[in-house]
Amino acid sequence: MAMEEATYNLLVVDDEEIAIRGIEHGIDWSTLPVANIFTAYDAEEARQVFKDHKVHVLISDIDMPKENGIQLLAWVNEHSPETETIILTGHADFIFAQQAVQLDSFDYLLKPIDHDVLKGSVEKAINTIAERERDDSFRKTYEYYYDQWNRQLPLLVERFWQDVLNQRIQTSAPQLAPMYSLYDIQLDADKKVLPVLISVEEWKKDWSTHDEEIMTYALKNAAAEMLLKDRAGHIIQDTNGMLFALLYSPDEGQEELLAGLAAEYVDKCAQYLYAVVSCYIGEAVHVPSLRACVQQLAEMERSTLGQTGSVFRLNPPMQPGNSPARHNANKQHGRFAAPVPNYQEWSTLVEQGKASELQLRIEELFDRLSASQIDHAYIVNYYFSVVHMIFQLFQRRTVSAHELYKGEEWKAGESAMKSLSAMKGWTIRFIGTAAEFLGAQEKEVSHTIARVQQYINANLHQEMSREDIAEHVYLNPAYLSRLFRKETGLSLTDYTASLRIQKAKLELSDTNHRVCDVALSVGYSNFSHFTKLFKKTTGLTPQEYRKKHQRILE
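What counts, and at which threshold
Residues numbered from 1 in each chain as written. Predicted model: local features only at pLDDT ≥ 70, side-chain atom pairs only at ≥ 80, totals over all residues. Heavy atoms only, no water. Pairing = 2+ DSSP bridges. Helix = DSSP H or I, 4+ residues; strand = E, 2+ residues; numbered from the N terminus. Axes fitted to C-alpha atoms, helices over the stretch in contact; angles between N-to-C directions. Contact = heavy atoms within 4.5 Å. Buried < 20%, exposed > 50% of the residue type's maximum accessible area, 1.4 Å probe, protein only. Disulfide = S-S within 2.5 Å. Polar contact = N/O pair within 3.5 Å; in protein donor to acceptor, adjacent residues only side chain to side chain. Core = buried A, V, L, I, M, F, W, Y, C linked by side-chain atoms within 4.5 Å. Expected span 1.5 Å × (residues − 1). Right-handed = clockwise from strand over helix to strand, strands pointing away. Phe/Tyr/Trp six-rings, centres within 6.5 Å; stacked < 30°, edge-to-face > 60°. Lys NZ or Arg CZ within 6 Å of the ring centre and 35° of its normal.

(A) Quick look at the pairing of strand E7 (residues 233-237). Sheet analysis places E7 next to strand E8 (residues 243-248), joined by 5 bridges and oriented antiparallel. The partner of His234 across the bridge, within E8, is Leu246. What sits between the antiparallel neighbours E7 and E8 is a turn of 5 residues, in which Gly241 has the positive phi angle 90°.

Structure, rendered in structure tokens:
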């Protein structure tokens, strides 16, 4: 038997000294992991040992003055229940044995004691204790990691949905089922998800980047309370910073109720969280179709310029005066008809310059179209949708379509409408040209961001809001904020404040202008606010900075 680390304590209790010495010195304990052998001559001394030391195994005689071994065993069970007790007795009395069993003693041995038998009993008791300690250690380890898992679960669920929306994982039922179980997501292959895009359009306070992150976290919590309530679902933030509420297994007609909750959420965000938000409500879809629905919501948000702090529906209820036949006909000629390309995905691939991946998407679409009954009206709608997609993308990127397509290649699509094969070839050439051009610019700051930076630099002397900047480049303010942060790493607020402080520092060091005039020249009409921001950024007040760095005479 391998020598184990000596970590266990024994306590021998007997009113006869010769019996104690026989157990303490007459047995070779070196082959067992015994650290200490304590002794006591009665129950009172034994209790003191328990108070001073950890006792793993108690060996006690029954026949002792004042209190017997059975009474000591009862006390040990109450005050040190993890201790294993071996009872020794010189009487083969059934009553004593029965009491020992009832008090859950580990063993009951008759005197005179065979030392090998006693040692074997102690060894079994130590093995029992060691096994229990291993079980306790495993349980504590399990509880620790289970607690850590639960703490990380919201983040893991968010990452799972990010992978779904970015097509980093397959969305077939066999692949999704184990993940639903792992992340405790209450879905299966037959259940649907209803997405709601939460667009942060404006902060009513000049938050720093860190402050915005904190307030965005508050928006997520508020959405969980107000949009989900007791319904199954999660609030997530995708890799582009967009917030989504995902409702699992929504009831029939849930969109109507959700629209009311979303309107209340919009009002509360403005009232308590200093945020102007809009909610874009999608339609209930199976998970494999979730990405397409979310991209449609993103396109709605991107194309909404004038109306803020509102609730929008991807599939609005039928308006009075529209017959069901007319309503359905409208849908057949809109973005919901199938098979239809995912224009949002195509636009993203064009913007990223992924021409080869785009060609695969185009070929997949036309393979599906060739197996469908497509009429001329469909082809016409498709042609104008593709041209609109590219022109809208160019507008956002401030690219001149006339310069890129000098031969007006978009008009060639009109002659290509006679066959699917011709339309496929035109699509690959037309979209491929745009993808190659934008791909060459991918490593540079976009034209839009460059225009934004130029506008901010030119207008540092006056107050300007995010909406003013967005209007200058014809973009949705919320979309512009995400695009600017993605490409520069800074919020519009932090970028503008940094430029203003830099300009103020130059004026303070290179001119004799009054500090209040310097504040006005960089767009701060509130002198106190300017002073606080300047000191927060530089560690000095404007006056202290001038005194330390001014390069001209007063």
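(B) The arrangement of the sheet that holds E7 in detail. Reading across from one edge, E7-E8-E6-E9-E10 is the order of the 5 strands in this open sheet, with mixed pairing throughout. Of all the strands in the sheet, the pair left with one neighbour each is E7 and strand E10 (311-313). Ignoring strand direction, the axes of neighbouring strands in this sheet form an average angle of 20°. Pairing between strand E6 (residues 193-203) and E8: 6 bridges, direction antiparallel. Counterpart to Leu197 in the pairing with E8 is Phe244. Against the sheet, helix H8 (residues 254-272) contacts E6, E8, strand E9 (275-281) and E10, and its axis sits at roughly 170° relative to E9.

(C) Spotlight on the environment of Ala177. Its place among the elements puts Ala177 in helix H6 (residues 173-182). Taking the relative accessible area as the measure of exposure, Ala177 reaches 42% and is therefore partly exposed. Placed 12 residues apart in sequence, Ala177 and Ala189 show a C-alpha to C-alpha distance of 7.5 Å.

(D) Representation of the state of the cysteines in the model. In the structure shown here, the tally under the stated rule is 0 disulfides. Cys269 takes part in no disulfide bond, and the closest cysteine sulfur to it belongs to Cys279, at a distance of 7.3 Å. On the basis of relative accessible area, Cys269 is assigned to the buried category, the value being 1%.

(E) Structural view of the side chain of Ser521. Positionally, Ser521 belongs in helix H21 (residues 515-521). Look at Ser521 and you get buried, because its relative accessible area is 19%. A polar side-chain atom of Ser521 sits 2.8 Å from a polar atom in the side chain of Glu507. In this view, Ser521 contacts Leu460, His461, Lys503 and Glu507; residues no more than four positions away in its chain are not counted.

(F) Seen up close, the nonpolar core. Counting 32 residues, the largest nonpolar core has Ile390, Phe394, Met423, Phe430 and Ile431 as the members making the most contacts within it. Only helix H11 (343-351), helix H12 (355-370), helix H13 (376-396), helix H14 (401-404) and helix H16 (420-440) provide two or more residues apiece to this core. Looking at which element gives the most residues to this core, the answer is H13, with 10 residues.

(G) Focus on helix H20 (residues 492-510). For H20, built from 19 residues, the straight-helix expectation of 27 Å at 1.5 Å per residue is met to within 8% by its first-to-last C-alpha distance of 27 Å. If you follow the buried residues of H20, they end up packed against helix H17 (447-458), helix H18 (466-472), helix H19 (477-488), H21, helix H22 (527-538) and helix H23 (542-549).

(H) Molecular detail of the pairing of strand E1 (residues 8-13). In terms of burial, E1 is a largely internal element, 6 of the 6 residues being buried. Pairing between E1 and strand E2 (residues 34-40): 6 bridges, direction parallel. In the strand pairing of E2, Val12 is matched with Thr39. Viewed along the sheet, the connection from E1 through helix H1 (residues 17-25) into E2 turns out right-handed. Two strands pair when backbone bridges link them, and E1 and strand E3 (residues 57-61) are joined in this way by 4 bridges, in the parallel orientation. Of the residues in E3, the one forming a bridge with Leu10 is Val57.

(I) Focus on unusual backbone geometry. The omega torsion across Lys111 and Pro112 is -5°, close enough to zero to call that bond cis. Its place among the elements puts Pro112 in the loop between strand E5 (107-110) and helix H5 (115-165). One non-glycine residue, Asp184, lies in the positive phi region at around 55°. Topologically, Asp184 is positioned in the loop between H6 and E6. Given a relative accessible area of 57%, Asp184 falls into the exposed group. Phi angles above zero are rare outside glycine, and Tyr474 is one such case at about 55°.

(J) Seen up close, the sheet that holds E5. Read across the open sheet, the 5 strands follow the order E2-E1-E3-E4-E5; overall the sheet is parallel. Edge strands, defined here as strands with exactly one partner in the open sheet, are E2 and E5. Direction aside, the axes of adjacent strands within the sheet are offset by 15° on average. Sheet topology note: the E3/strand E4 (residues 84-89) ladder contains 5 bridges and is parallel. Looking across to E4, one finds that Ile59 is bridged to Ile86. The sheet contacts of H1 involve E1, E2, E3 and E4, and relative to E2 the element is tilted by about 180°.

(K) Fine view of the packing of aromatic side chains. Inspection of the entire model under this criterion finds 17 aromatic pairs. Relative to Trp75, the ring of Phe50 has its centre 5.7 Å away and its plane inclined at 70°; by these criteria the two rings are edge-to-face. Of this pair, Phe50 sits in helix H2 (residues 43-52) while Trp75 sits in helix H3 (residues 69-79); the two residues are 25 residues apart in sequence, bridging distant segments of the chain. With relative accessibility at 19%, the residue Trp75 sits in the buried group. Judged by centre distance (6.3 Å) and plane angle (75°), the ring pair of Tyr343 and Trp346 falls under edge-to-face. Note that Tyr343 and Trp346 are positioned in helix H11 at a spacing of 3 residues, about one turn of the helix. Over the ring of Trp75 we find Arg47; its NZ or CZ atom is 6.0 Å from the centre of that ring. The ring of Tyr274 has Lys205 lying over it, and the distance from NZ or CZ to the ring centre is 4.8 Å.

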